[in-house]
Structure formats: structure tokens, C-alpha cells
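Read off the chains here:
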Amino acid sequence: MNITIVGTGYVGLVTGTTLAELGNTVYCVDIDFKKVEQMKQGIVPIYEPGLEEMFLRNIQAQRLFFTTDLREALNESEVIYLALPTPPGEDGSADLSYVLSVATQIGEMLTEYKIIVNKSTVPVGTADKVRETISVHTNIEFDVVSNPEFLREGFAVEDSMNPARVIVGTESERAQEIMAKIYQPFTNTGIPIIFMDEKSSELTKYAANSFLAVKITFMNEIANYCEKVGADVDKVRLGMGSDDRIGHRFLFPGIGYGGSCFPKDVKALIKSGKQEGFDFQILEATEEVNKNQKVILVSEIEKFFGDLAGKKIALWGLAFKANTDDIREASSLDNIKILLEKGAKITAYDAIAEDNVRRVLGDQISYAPDMYSALQDADCLLIATEWSEFKNPNFDLMASKMNQKVIFDGRNMFALEQVEDSGFHYKSIGRRTIS
Ligand SMILES: NC(=O)c1ccc[n+]([C@@H]2O[C@H](COP(=O)([O-])OP(=O)(O)OC[C@H]3O[C@@H](n4cnc5c(N)ncnc54)[C@H](O)[C@@H]3O)[C@@H](O)[C@H]2O)c1
Ligand SMILES: O=c1ccn([C@@H]2O[C@H](COP(=O)(O)OP(=O)(O)O[C@H]3O[C@H](CO)[C@@H](O)[C@H](O)[C@H]3O)[C@@H](O)[C@H]2O)c(=O)[nH]1
């Protein structure tokens, strides 16, 4: 099938590449000329493990094309996926301007029946809005389908090739048949394709993300309570997770959830609720707890050192989680902001996300070329991202570089036994402090 993807960010590019890998001819459209030029030259503009190989393979096979010309792509395709940004507007609600402006353009360009598939995360009722927007400009028949995306950054290729489920929201039989055809390769391998109405499909996405945000936040509160009563959150986590009604995944406490999705989607669902006179009390509490959790170690650092003016802090990890270059709503940034305000000096190391942080913070902080150089003359180390290379460090080498042997670990990277004999003061989340 010929398919157009509008927007080639994390979702659009991965979706486009995956659909090409499944044998479709895919036209990826973006307004960012520079990005499109890069992609035409075989350069993947984002860091996503496994993507480059598949991307190059499908370009070579002439199944994957890039353009800034929406009309050209539209004319070639029967199905148009929207993978456009839906950032929070000033009041926290999802900003639909990207989606609706492309809907307007599509309306003006339609010459024959098309299906417009919305992969962006959008509030309930957006399919109707897209339909109304397109209808203003055309009498030609079309369908709008909700098909939310559940991929995780860092595992985007894996999640797209082998999703837990595919949700398709449509009440049109014609659209349902075509969507079933696109996802037939998944059906063949036993992946459920769940058809439902558009509104339920749109809400499924917010409900799933918000539930996971609540799950993490609940564990962060349990972790904070563990510290009060002398329990160990790692043991509690194992004990809880062994009940398969709870499960082991997404029970890892830390310095709060970040990224381009959970914070904005929780906010947007709260806002959508308010518009109906409905209070999502659990989500409001989740937001509040998460806001504090993101910087919970700053007060620990202050408790340890007193005045932070002039203190040198090494920071391992800038990305909002491991295996991505994405720094949107990263806890590292919240910590940097407050630590700088308090007069600390920061040297950060993150091999993958450094460039993105440089664009935002410039030389407000220093950047180290490797994890050990970041520690030179540091009064303490703060760990903000769980990159694998931090998992089993040489504690002697670390000690030889640092002014003081002090670690604040926002990701519980080490088993307590790993640190026990190293002579480090080690403060993690929800576990005994070693000193
Ligand atoms: N990032 C994720 O892990 C993830 C996962 C699931 C769902 N989502 C949702 O998917 C949507 C897209 O997210 P993303 O992270 O891929 O965004 P992104 O910011 O990485 O990419 C969006 C792309 O759209 C392009 N764009 C903007 N306006 C355009 C226009 N008029 N025409 C063509 N291209 C245009 C931008 O240049 C950019 O390349 C959002 O609604 C998000 O909530 C994201
Ligand atoms: O046990 C855990 C799991 C995650 N996190 C944090 O939660 C945030 C989000 O992590 P993750 O869900 O892995 O990353 P995303 O790539 O943002 O993916 C989420 O958001 C996407 C965008 O909507 C959805 O498609 C995915 O299904 C959903 O997992 C990150 O800050 C993680 O550090 C924890 O603190 N503890």
C-alpha cells in the first residue's frame, strides 16, 4: 500500500520506517527542510537504537521517501498518517494547531478518497475536529481514524515492529478494512488489533500513559516512605511485582518521570477533565508528587553540604531516561536549574544527549568527554540517567578523581553491596544511606 506520514519525529520516522519494512511504499513529509535533506542523504536525525539499519535498508529498496511537498506525497497515497506534535498549550491542554493546520491543507488538496490516520496523542473529540476542519474545504469522501502510538523512545523500533497491541478507532467499515490490511502482518503473528470507536481509542492513549505515570509515582511515594521507616524499596518492589496482577515493570523508583509524553499527557487529561467539570484527583496528586520527586535529591545534597555556593557537582546523565537523546522534561534539567541558582558548578557527562543540552543551556554548565573526567575535583556525583555504562564503575578510579567521595543516585544504579566497601557516602532512593 502507498502511505504518507506527515511529521518525521520520533513517532513519524519510526512508524514510516516500520511500515516500509512491512512492504509498504512510504512518503515521509516534514516542514523542516534541513531534516528532510538529511534524511534524503541517509542520515537519521534522531538517536533511536536499531533505526538506522532499517531506515537505510528501506531507502535502498525504494520503499521509503522523504519530501517537504505534502501535495505530492498525498497524491501518491491512499492513507495519510499524522504524527505531528501536540505540545501543551499555555493552560496545559493539548495544542492541536499542528494537527488542524495539516488537516486544513489536506482538505484543500483532496482529489479522491483518503483515510487520515491520527497517530498524535490527542484529546477525545479530536477526530471529529479533524473531520470538520477537512470538510470545510472539500466535498470529496474521506475517513478519519484514531490510531494512537504506544512506542517508547529508546525501544521505538522494537515496540513498533512488535507492539503489545494496535488500537484502531473508527466507525467506518471502509476504513476498518483498509486498516486491517495495513496491520495484517501483525495479525499474522498474533498481535491483537483492537477496533473501537474513535473517542474510546483517543482516551485509551491518555489512560495508558496516565496509569503508568501514576504507577511510577506511587512507587516513588513508597520509596520515600521506605526511607522514613527503614524498609528497602528494592525488596518491596520485588515482593509487590511478583504478584502478576501488579507485575514487575514500571515499578522503578527514581527522580520522577520525564520525557515528551507522561508530563504533557497527564496535564492534558487533567485539563480535558476540567473542561467537562471533572476533577482527575489522582492525576493532580501525581503531578504534584512528581514535581517534588524530580528534585528530591537537591535537598539531600544541601542537607549534606549546607551552602552549595561554589560546590562542584559532577552530573552523570542528561537524557530523560537511558537509550535516548531526548531531554524534554528531563529531571536532569530541573536539578541543574536549582543547583545553579544555589551557586553550584556543574560538569555533566552524557554521550548521547549532550548536544541537545548544549543547545538549551550553552556554557551555563561544563561538559566532560567521559564519565570519569566529569568527576575531576568534584565534591559529589549526582546520577540523573540510568545509562548502562554507569552500572559497574571503577569506584577506586572515581575516588581518585573526586574531592569528596559522595554519590547521590537518582536511579538506584548500584546494589548497596556494590558500594558498601568503597568508602563512598551513597544516597539513593528508598534505600538505606551508606556513609
Ligand atoms: N515521542 C514519543 O515517544 C511518542 C510516543 C507516542 C506518541 N507520541 C505522540 O506523537 C506525536 C508526535 O510526537 P514526536 O515525539 O514524534 O514529535 P517530534 O517533535 O519528535 O516530531 C514532530 C515532527 O513534526 C514536524 N512537523 C511540525 N509541523 C509540521 C507540518 N505542518 N507538516 C509536516 N511536519 C510537521 C516537525 O518538524 C517534527 O519533525 C505527539 O502527539 C506525541 O505526544 C510520541
Ligand atoms: O519504572 C519506571 C519506568 C519509567 N520511569 C520514568 O518514566 C519516564 C517515561 O519512561 P518511558 O515510559 O520508558 O518513556 P517514554 O519513551 O516517554 O514512553 C512513554 O510515553 C510514550 C509517549 O506517549 C508512550 O508511547 C509509551 O508507551 C510510554 O511508555 C522516564 O522519565 C523514566 O525514567 C521511572 O521512573 N520508573
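Residues numbered from 1 in each chain as written. Chains lettered and ligands numbered in written order. Predicted model: local features only at pLDDT ≥ 70, side-chain atom pairs only at ≥ 80, totals over all residues. Heavy atoms only, no water.

Per an unreviewed UniProt entry, the chain goes by the name UDP-glucose 6-dehydrogenase and belongs to Kaistella solincola. Listed under Catalytic activity (unreviewed entry) in UniProt, the entry text for the chain is "UDP-alpha-D-glucose + 2 NAD(+) + H2O = UDP-alpha-D-glucuronate + 2 NADH + 3 H(+)". Its UniProt record, at the heading Pathway (unreviewed entry), says of the chain: "Nucleotide-sugar biosynthesis; UDP-alpha-D-glucuronate biosynthesis; UDP-alpha-D-glucuronate from UDP-alpha-D-glucose: step 1/1." (UniProt positions renumbered as here; feature names shortened; annotations may be inferred.)

Draft legend 1. Local environment of the overall build of the chain. When helices and strands are tallied, the chain shows 18 helices and 14 strands. Radius of gyration (C-alpha) of the chain: 24 Å, near the 22 Å computed for a compact globule of 435 residues. The principal-axis extents of the C-alpha atoms in the chain amount to approximately 70 × 50 × 40 Å. Relative to its 435 residues, the chain shows a buried fraction of 54%. Considering only residue pairs separated by 6 or more positions, the chain has 71% of its internal contacts joining residues 24 or more positions apart. About 19500 Å² of surface is accessible on the chain, with carbon and sulfur atoms providing 50% of the total. Counting 45 positive and 64 negative side-chain charges, the chain places the centres of these two groups 4 Å from one another. (Helix = DSSP H or I, 4+ residues; strand = E, 2+ residues; numbered from the N terminus. Rg over C-alpha atoms; globule rule 2.2 N^0.38 Å. Buried < 20%, exposed > 50% of the residue type's maximum accessible area, 1.4 Å probe, protein only. Contact = heavy atoms within 4.5 Å. Areas by Shrake-Rupley, 256 points an atom, 1.4 Å probe, with all protein chains shown as cover. Lys, Arg positive; Asp, Glu negative; His and termini not counted. Charge placed at Lys NZ, Arg CZ, Asp CG, Glu CD.)

Draft legend 2. Broad picture of the site of ligand 2. By nearness alone, 19 residues border ligand 2, and Phe-150, Leu-151, Lys-205, Asn-209 and Cys-261 come closest of all. Take Leu-151: an N or O atom from its main chain is 2.6 Å from an oxygen atom of ligand 2. If ligand 2 stood free it would expose 690 Å²; the protein chains cover 91% of that surface. Among the elements of the structure, helix 10 (198-229) and helix 12 (262-275) are those that each provide at least two residues to the shell around ligand 2. (Near = heavy atom within 4 Å. Polar contact = N/O pair within 3.5 Å; in protein donor to acceptor, adjacent residues only side chain to side chain.)

Draft legend 3. Local environment of the packing of aromatic side chains. In total, this model carries 13 aromatic pairs according to the counting rule given. Here the aromatic cluster, defined as three or more aromatic residues joined through ring pairs, consists of Phe-395, Phe-414, Phe-424 and Tyr-426. Seen from the ring of Phe-150, Arg-165 lies directly overhead, with NZ or CZ sitting 3.6 Å from the centre. Across from the ring centre of Phe-424, 6.0 Å away, lies the NZ or CZ of Lys-405, which sits over that ring. (Phe/Tyr/Trp six-rings, centres within 6.5 Å; stacked < 30°, edge-to-face > 60°. Lys NZ or Arg CZ within 6 Å of the ring centre and 35° of its normal.)

Draft legend 4. Inspection of the environment of Arg-71 at higher detail. Turning to its location among the elements, Arg-71 is positioned in helix 4 (residues 70-76). Take Arg-71: its relative accessible area is 43%, and that puts it in the partly exposed class.

Draft legend 5. Structural context of unusual backbone geometry. Even without being a glycine, Phe-250 presents a positive backbone phi close to 60°. Mapped onto the elements, Phe-250 comes out in the loop between helix 11 (233-241) and helix 12. With a relative accessible area of 28%, Phe-250 lands in the partly exposed category. Unlike most non-glycine residues, Asn-412 shows phi in positive territory, near 45°. For Asn-412, the position within the fold is in the loop between strand 13 (406-409) and helix 18 (416-420).

Draft legend 6. Layout of the side chain of Thr-17. Within the fold, Thr-17 resides in helix 1 (residues 10-21). In this structure Thr-17 comes out as buried when scored by relative accessible area, which is 0%. Within the structure, Thr-17 has its side chain in polar contact with the backbone oxygen of Leu-13 (distance 2.6 Å). Contact partners of Thr-17, with chain neighbours within four places excluded, come to Leu-51, Met-54, Phe-55, Asn-58 and Leu-64.

Draft legend 7. Structural context of the domain arrangement of the chain. Under the domain assignment used here, the chain contains domain 1 (2-196), domain 2 (205-291) and domain 3 (295-427). Taking only C-alpha atoms into account, the centre of domain 2 sits 24 Å from that of domain 3. Taken together, the contacts link 14 residues of domain 2 with 16 residues of domain 3. The junction of domain 2 with domain 3 conceals about 1100 Å² of combined surface from both sides, 51% of it contributed by carbon and sulfur atoms. If you sort the residues of domain 2 by the area they bury against domain 3, Ile-255, Gly-259 and Ser-260 come out on top, with a joint share of 51%. Counting across the domain 2 and domain 3 interface gives 1 salt bridge. Across the salt bridge formed by Lys-427 and Glu-227, the nearest N and O atoms sit 3.0 Å from each other. Taken together, domain 2 and domain 3 are joined by 4 residue pairs in polar contact (both at pLDDT 80 or more). Broken down by secondary-structure element, the contributors of at least two residues to the side of domain 2 that touches domain 3 are helix 10 and helix 11. (Domains from an automatic or database assignment. Buried area = accessible area lost by both parts, 1.4 Å probe. Salt bridge = Lys/Arg side-chain N within 4 Å of Asp/Glu carboxyl O.)

Draft legend 8. Representation of the nonpolar core in the model. One finds Ile-301, Trp-316, Leu-339, Leu-381, Met-398 and Ile-407 to be the most contacted residues of the largest nonpolar core, which totals 62 residues. Both domains that furnish three or more residues to this core are identified here as domain 2 (205-291) and domain 3 (295-427). Among all residues touching Trp-316, those that are not within four sequence positions of it are Tyr-349, Met-371, Ala-374, Leu-375, Leu-381, Leu-382, Ile-383, Ala-384, Thr-385, Phe-390, Pro-393 and Met-398. With 38 residues, the next largest nonpolar core counts Ile-3, Ile-5, Val-145 and Ile-178 among its residues. (Core = buried A, V, L, I, M, F, W, Y, C linked by side-chain atoms within 4.5 Å.)

Draft legend 9. How the structure looks around the sheet that holds strand 11 (residues 366-367). An order of 11-10-9-12-13-14 is seen for the 6 strands of this open sheet, with the pairing classed as parallel. Two strands bound the open sheet, and with one partner strand each, they are strand 11 and strand 14 (425-427). Strand direction decides the pairing type here: strand 9 (residues 312-316) and strand 12 (residues 380-383), joined by 4 bridges, are parallel. The residue bridging Ala-314 from the neighbouring strand is Leu-381, located in strand 12. Most of the contacts of helix 14 (residues 296-305) go to strand 13, to which it runs at about 160°, and overall it touches strand 9, strand 12, strand 13 and strand 14. (Pairing = 2+ DSSP bridges. Axes fitted to C-alpha atoms, helices over the stretch in contact; angles between N-to-C directions.)

Draft legend 10. Quick peek at the environment of Glu-90. If you trace the backbone, Glu-90 turns up in the loop between strand 4 (79-82) and helix 5 (97-109). When the C-alpha positions of Glu-90 and Asn-356 are compared, they lie 23 Å apart, and in sequence the two are 266 residues distant.

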